[in-house]
Structures are given as structure tokens and as C-alpha cells.
Amino acid sequence: MDDKKRKRVKTNVWISIGVAILIILLILWLTIADLWGDTDVSANLIVPKTDLIKWLWV
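Residues numbered from 1 in each chain as written. Predicted model: local features only at pLDDT ≥ 70, side-chain atom pairs only at ≥ 80, totals over all residues. Heavy atoms only, no water.

### Considering the overall build of the protein
Alright, step 1. A count of helical and extended segments in the protein gives 2 helices and 0 strands.
Alright, step 2. Expressed as a percentage of its 58 residues, the buried residues of the protein come to 2%.
Alright, step 3. Accessible surface, the protein as shown: approximately 6,300 Å² in total, 68% of it carbon and sulfur. (Helix = DSSP H or I, 4+ residues; strand = E, 2+ residues; numbered from the N terminus. Buried < 20%, exposed > 50% of the residue type's maximum accessible area, 1.4 Å probe, protein only. Areas by Shrake-Rupley, 256 points an atom, 1.4 Å probe, with all protein chains shown as cover.)

Set out below in C-alpha cells:
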């Protein structure tokens, strides 16, 4: 029983490490794409309040 629990804990640790690495790579990829202007979506993260109001009323 102890071996099974230890194996499960090791698996959870490796899954957590893998997920963390994938999230870091995703953030890095999106940051580089945004800096190079190589994004398919033409949306701004920060929209001035006046533009947002105009967009909502159109």
C-alpha cells in the first residue's frame, strides 16, 4: 500500500512540474508574439474608457 501511495505522489509532482513549464512557455510565447506584433487577434489589453463606451453604444 505504501508503494502505491508513493508512486501516486511522484506522478502528481511530475504532472505539476509539467503543467508549470507549459504555462511558463505559453506566457513567454504570447509575450514574444505581442512584442513582435505577430498576433492574429487585433485586440488591446488596455482599452481607454472613452473607446470602450463608444464601442458599447455602437
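Right, picking up where we left off after that structure.
### Notes on a nonpolar patch on the surface
Alright, step 1. A grouping of Val 9, Val 13, Trp 14, Ile 17, Ile 21, Leu 22, Leu 25, Leu 28, Ile 32, Leu 35 and Trp 36 is seen on the molecular surface, where their side chains present a nonpolar patch of about 1,200 Å² in accessible area.
Alright, step 2. If you trace the backbone, Trp 36 turns up in helix α1 (residues 2-36).
Alright, step 3. A relative accessible area of 70% places Trp 36 in the exposed class. (Patch = residues over 30% accessible without salt bridge, like charges linked within 9 Å, V, L, I, M, F, W, Y side chains within 5 Å. Salt bridge = Lys/Arg side-chain N within 4 Å of Asp/Glu carboxyl O.)

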